[in-house]
Amino acid sequence: MTPEVSADVVTQELRGRILVVTIDNPPVNALGANVRYELQLAIEAAETNAAVDAVLLLGAGRNFIAGADIREFGKAPLPPSLPDVCNQIEACGKPVVAAIRGAALGGGLEIALAAHYRIALADAKLGLPEVALGLLPGAGGTQRAPHLLGAKAALDLMLSGRHLGAKEAHAIGLIDRIGEGDDVLTEGLAYTRALLTARAPARRTRDANGLADHVASRAAIDVARAETSKKSRGLFAPLRIVDAVRAALESPFDEGLRHERQLFLQCLDSPQRAGLVHAFFAEREVLKAPETRDAKPRAIASVGVVGGGTMGAGIAVAVLDAGLPVTMIERDDAALARGRAHVEKVYEALIAKGRMTPETRAAVLARFSGSTSYDALGAADLVIEAVFEDMAVKQAVFAELDRVCKPGAVLATNTSYLDIDEIAASISRPADVVGLHFFSPANVMKLLEVVVPAQVSADVVATAFELAKKLRKVPVRAGVCDGFIGNRVLAVYRAAADHMMEDGASPYQIDRVLREFGFPMGPFQVSDLAGGDIGWATRKRRAATRDPKARYVQIADRICERGWFGQKTGRGYYLYPDGARSGVPDPEVEAIIDAERERAGIAPRAFTDDEIIRRYMAAMINEGANVVHEGIALRPLDVDVTFLYGYGFPRHRGGPMKYADSIGLAKVLADIREFAKEDPIFWKPSPLIVELVEQGETLASLNQSA
Ligand code: 3H9
């Protein structure tokens, strides 16, 4: 049976007696059904054509092959299967050579492993990253890699998902030769000719002797199993990879392949695969905000940062690490010295860990300068303000920027909550003002909310996305509202956690349950890490505008009133004896909670772990849907990426919106309606969820529409 569409994605050309087979399926030569079909035809042609002595496999463009076509997962499979194509390549009676430049990943590397010889250019990236998609290499990779490389190296490749450069790939025996030049066709032809001259046979990876030492292989598998059980708690694919390698060791090759297929199909069917593939595409989709399509970014060659506190210094480091010069502005010499010290401390820590040399630090810091005068920002292409979170203070800074910055400079604020429209409206060039909301520590956290005020021009937004790329951040476009996407949703599910605590769940149970769900930390641990005083200040700021009828849990205030702000003060929800970084439960906190329950007239009840998840997630999903409904987030996937990169949401669940679809929106709505019976002010179903449930639709159905 042939696939429905065939589109010349594999070309054949006879060069002398070598059949050059080029996979040409932009953008990355993924192995869609057409490619598999045409590859099969090419190998058949090589077998039957007496004028062909050898086959050379190449990728057109910058890459060899980036793997299976990820978009096909979850759809009805079309023949031929990739394992069959790989087997056919391996079985070819004439030598097949893979010549690799750029990515040879996943199924792409499996094609190369099925070929008889491999040459790669210096720029090659070789790997089996399926684990990052909740999969295992399913086209013979779990069998051929151990036979070729040995169990230990193969397990490392598959469990880490790492991309290897040509040198390392050569050193471990994954490729036979490194091509010296930069033209993959020339290098590939030269190598194939040399093989033909030497009468090299069709050498099959299945016959390689990487697993010859049974005892050492067995030991490597046992170590990998023990380490994997410890490290990848809750993840499905990693242990299946270990199982597949055991099958490679213990079974005849074809039986090992059958075992791999079964394990692959189990992974393919798992919700974790669906979550991880969603994350893969979502993190690429967020880059396509409308402004990045419609406008050209302005050039950014120098950056100013106003404010040398934790945030300002972290932003400065992120910008320095991207290779750009930074000018930091502070109000006086002492504050500037502190700002510089904050920056230097980051690099000192890297030197202490052996991750940077003093010479590199000196080179980086040579790009850093400071001033107490705004005039030093006259030449900056982009300025990021990171001063105290107060409207008057921010507006004063922007008045100065308006005065000194050159026309066309982008003026960004790092505010977390304030109304950026109001900041923009206070100066003469509102079209240049954008929000760049970094997350702490700003040089580490990947998320960057690009907050788009009403008057901003499209090229300024495009510039913000371009900057994110330079800083290696994941940008998410957000509209203006209190808290933008992330902190706005956080405020709501945090309140749900507080309600559960006051109603009878302990903060320690809530944290444990959320860790088991996959978050690295629970909400009360996060609060202790961030510093309870930050949330306290926000609550005080909001006190005047809070709905007096809305439920307000005072436990956090009681804890803060004692000066217990978390790790930095040695106690918060947890005790941190002698500066420990992981806390222990505090009976005094439990007593405070008891007293608060009594004051509020609440008889505590027990919560099951399941109910904690249902309430926490329903709160997160409902507010996430509101954020989409109001256009603050472009699509549900923007909410997902925000939570994956800024809030530790477990990647294998794809993000809160993907999770909502996976458990069923109707169930989420039923939960919200049930919870609303006790507290209708807090639990108001999002109109978007109601609408989608009525239509029988998913949140994912909105992901295409922006
Ligand atoms: C597998 O192989 C399973 C097998 O073992 C078994 C099968 C039986 N499919 O990242 P970029 C798209 S699992 C479909 O921005 P870069 C991507 O969405 C696979 N599409 O470029 C984007 O589309 P758009 C194992 C794919 O230069 C465009 O290509 N392989 C695929 O920064 C450009 O991508 C992997 O996990 C794909 N496989 O990076 C490798 N790959 O323009 C996954 C990319 O519409 N890919 N696209 O947004 C990558 O790691 C990077 O894309 C790569 C290029 C390094 C190749």
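Rules used throughout
Residues numbered from 1 in each chain as written. Predicted model: local features only at pLDDT ≥ 70, side-chain atom pairs only at ≥ 80, totals over all residues. Heavy atoms only, no water. UniProt positions renumbered as here; feature names shortened; annotations may be inferred. Helix = DSSP H or I, 4+ residues; strand = E, 2+ residues; numbered from the N terminus. Pairing = 2+ DSSP bridges. Contact = heavy atoms within 4.5 Å. Axes fitted to C-alpha atoms, helices over the stretch in contact; angles between N-to-C directions. Salt bridge = Lys/Arg side-chain N within 4 Å of Asp/Glu carboxyl O. Buried < 20%, exposed > 50% of the residue type's maximum accessible area, 1.4 Å probe, protein only. Disulfide = S-S within 2.5 Å.

The name given to the protein in an unreviewed UniProt entry is 3-hydroxyacyl-CoA dehydrogenase NAD-binding domain-containing protein, and the organism recorded there is Caballeronia jiangsuensis. Comment text from UniProt for the protein, heading Pathway (unreviewed entry), reads "Lipid metabolism; fatty acid beta-oxidation." Recorded in UniProt under Catalytic activity (unreviewed entry), the annotation for the protein is "a (3S)-3-hydroxyacyl-CoA + NAD(+) = a 3-oxoacyl-CoA + NADH + H(+)".

Here the focus is the UniProt feature "domain: 3-hydroxyacyl-CoA dehydrogenase C-terminal" (unreviewed entry) in the protein. Mapped onto the present numbering, the UniProt feature "domain: 3-hydroxyacyl-CoA dehydrogenase C-terminal" (unreviewed entry) falls at residues 483-576 and 613-697. Along residues 483-576, the helical share is 60% and the strand share 2%, with 30 Å between the first and last C-alpha atoms. Along residues 613-697, the helical share is 67% and the strand share 0%, with 23 Å between the first and last C-alpha atoms.

Spatial strand order, β5-β7-β8: 3 strands in an open sheet with mixed pairing. Unpaired on one side and paired on the other, β5 (103-105) and β8 (163-164) mark the two borders of the sheet. Running at roughly 85 degrees to β5, helix α3 (residues 107-114) makes contact with β5 and β7 (125-127) of the sheet.

The strand order across the open sheet built from 6 strands is β1-β2-β3-β4-β6-β9, with neighbouring strands paired in mixed fashion. Two strands close off the open sheet at either side, each with one partner strand: β1 (10-15) and β9 (177-179). Within this sheet the neighbouring strands show an average axis-to-axis angle of 25 degrees, counted without direction.

With that settled, consider the pattern of salt bridges. Evaluation of the coordinates by the stated rule reveals 54 salt bridges. E516 is paired through a salt bridge with R512; the nearest N and O atoms lie 3.2 Å apart. Of the two residues, E516 and R512 are both situated in helix α20 (residues 507-517); the distance of 4 residues between them amounts to about one turn of the helix. On the basis of relative accessible area, R512 is assigned to the partly exposed category, the value being 29%. Of the charged contacts, one joins R539 and D557 as a salt bridge, the two residues approaching to 2.8 Å between their closest N and O atoms. In this pair, R539 is assigned in helix α22 (residues 532-543) and D557 in helix α23 (residues 555-561), connecting sequence segments 18 residues apart. Salt bridges here are not isolated pairs; linked through shared partners, they connect D610, R614, K667, D671 and E674.

Feature annotation in UniProt assigns "domain: 3-hydroxyacyl-CoA dehydrogenase NAD binding" (unreviewed entry) to the following positions: residues 303-478. Secondary structure content for residues 303-478 is 41% helix and 21% strand, while the C-alpha to C-alpha distance between its ends is 22 Å.

This part covers the state of the cysteines. Per the stated rule, a full pass over the model turns up 0 disulfides. Between C92, a cysteine without a disulfide, and C86, which holds the nearest cysteine sulfur, the sulfur-to-sulfur distance is 13 Å. For C92, a relative accessible area of 0% corresponds to the buried category.

Residue P27 is bonded to the preceding P26 through a cis peptide linkage, with omega at 5 degrees. Assignment of secondary structure puts P27 in the loop between β2 (18-23) and α1 (33-48). Cis geometry is adopted by the peptide bond preceding P80, which originates at P79 and carries an omega value of -5 degrees. Summarising the element assignment, P80 is placed in the loop between β3 (54-59) and α2 (82-91). Its identity is not glycine, yet N29 carries a phi of approximately 60 degrees, on the positive side.

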